[in-house]
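Chain and residue survey
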Amino acid sequence: MERIDRKMRRGIALALLALPVASAAAAQEGEAMPWTAAAGARFESYSFAAPERTGIERVSLLTVPLAAETRIAGRARLTLSGAWASARMVRADGSEASLDGPTDAELRVAVPVVGDWMTVTGTLVVPTGKQRLTGDELQVAAVVASDLLPFAISHWGSGTLGGAGVELSPRFGGFGVAVSGGYRAGREYRAFDGGGAYRPGDETYLVVTLDHTSGGGRAALQGGMHRYAHDGLAGANLYRAGDRYHLTASYAFAGEGRVGGAVYAGLLHREGGAGLTLPSQDLPAQNLGLLGLALRIPVDRGAILPSADGRIFHSADGVGQGYGVAAGLAAEVPAMGATLVPSARMRMGEVLVIGDMRSRFTGAELALTLRRGRR
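The following refers to the structure shown. (Residues numbered from 1 in each chain as written. Predicted model: local features only at pLDDT ≥ 70, side-chain atom pairs only at ≥ 80, totals over all residues. Heavy atoms only, no water.)

1. A short note on helix α3 (residues 135-144)
Every α-helix carries 3.6 residues per turn, so stepping three or four residues along brings you back to the same face. Looking only at α3, the buried set comprises Glu137, Val140, Ala141, Val143 and Val144. Projected down its long axis, α3 carries its buried residues within an arc of 160°, all on one side. (Buried < 20%, exposed > 50% of the residue type's maximum accessible area, 1.4 Å probe, protein only. Helix = DSSP H or I, 4+ residues; strand = E, 2+ residues; numbered from the N terminus. Arc of directions from axis to C-beta.)

2. Side note on the packing of aromatic side chains
On inspection of all chains with the given rule, the structure shows 4 aromatic pairs. Taking 6.2 Å as the distance between ring centres and 55° as the angle between the ring planes, the aromatic pair formed by phenylalanine 48 and phenylalanine 361 counts as tilted. You can see phenylalanine 48 sitting in strand β1 (residues 35-48) and its partner phenylalanine 361 sitting in strand β22 (residues 357-374), a full 313 residues away along the chain. Assessed through its relative accessible area of 12%, phenylalanine 48 is described here as buried. Geometrically, the ring pair formed by tyrosine 251 and phenylalanine 253 is stacked, given 6.2 Å between the ring centres and 20° between the ring planes. Residue tyrosine 251 is classed as partly exposed on the basis of its relative accessible area, which comes to 34%. By relative accessible area, which is 25% here, phenylalanine 253 ends up partly exposed. The structure contains a cluster of three or more aromatic residues connected by ring pairs, namely Tyr46, Phe48, Phe151 and Phe361. (Phe/Tyr/Trp six-rings, centres within 6.5 Å; stacked < 30°, edge-to-face > 60°.)

3. Here's the deal with empty space enclosed by the protein
Which parts of space are left empty comes out when a probe the size of a water molecule is rolled across the atoms. This structure, assessed with the given rule, holds 2 cavities of 30 Å³ or more. Computed from the structure, the second largest cavity encloses a volume of approximately 40 Å³. Lining the second largest cavity, in full, are Glu44, Tyr46, Arg345, Met346, Arg347, Gly363, Ala364 and Glu365. Elements that contribute at least two residues to the lining of the second largest cavity include exactly β1, β21 (338-354) and β22. (1 Å grid on protein atoms, 1.4 Å probe; cavity = no way out; pocket = protein on both sides within 12 Å on 5 of 7 lines; lining within 4 Å. Points joined across faces, edges and corners; volume = space filled by probe spheres on them.)

4. Looking at unusual backbone geometry
Positioned with a positive phi, aspartate 300 is a non-glycine residue whose angle comes to about 55°. As for its placement among the helices and strands, aspartate 300 is situated in the loop between β18 (286-299) and β19 (302-315). For aspartate 300, a relative accessible area of 73% translates into the label exposed.

5. Here's the deal with the sheet that holds strand β10 (residues 198-199)
Taken in spatial order, the 4 strands make up an open sheet running β10-β13-β14-β17, and their pairing is antiparallel. In the strand order of this sheet, the two ends are held by β10 and β17 (274-275), each with one partner. Relative to strand β14 (residues 236-240), strand β13 (residues 230-233) runs antiparallel, the two sharing 4 bridges. Residue pairing for β14: leucine 233 is matched across the bridge by alanine 236. (Pairing = 2+ DSSP bridges.)

This is the structure in structure tokens:
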């Protein structure tokens, strides 16, 4: 579920940032090859008011993401992304555990084949991340993968994955319909010390987006389904992940003075997962609700970007569910042909550990991103 959540939030953020910017014309033959690149650092830290209940006093994550995109063979786009991440967890008894290293790198190619409304995509996840984890590292990885705490990454390594898909995006006046579907498959790898070869279940997905542009705004409704085959361990079926469904509604608008903004709400549902053999176990159905508002206010050659969001996480067994609210402020600062984006965010909420045992948490996020490129 957390992977779908991050994809949705990333799409909303990119739509907001792109709102007041005119779309670039397609590169003409003989022109300089367009490209963009981004790098930065993001530090997140959460503290729990009742560590004796959660078993955790504090957890933090430092992420250094890298991404680049360029045009190849005419209008095809090639994107490469990855990150280095370092997590630290302090348990209730004062002992510590950590997990450091690069994450997997993803290579994506998008090739327009019929004008602007049909694109064929291919993805390859290269296993550059740390995959064989110790017991302490597995504990850290499980906390970072929490659906309630929106960390920048959800895992370090998932083995080699490959996929292909098709995106259709015709427009009819002010209306648009986008349909994307595809398939992802993985190879076996050793996910933890002392264990057999693990193979994640293949994924089949279908996402449909409807949008309408009118009066300086753009309304969109997106729904999607993700289905998974059995995970395997040492050649045997280990676990069947519950299917995922998500629905998101958003409205992006441009006001006076080039002020832009977006409001959004989303719901993600994961059906219960079934353990097929030891040591796997059944996992409960889960729901994640999202609600947010973000603005982009131009200032001179840059911009200020205030935002606020909330999330509610519900699990059928009650374990780990809770809520969180956040407020943040970012800025776009042009500098030497690039754009610096410093940001800060505060978050607070409550988590239900088990039974009626609850703990409040507070968190902070500091980030700095550098974007550079030409189109």
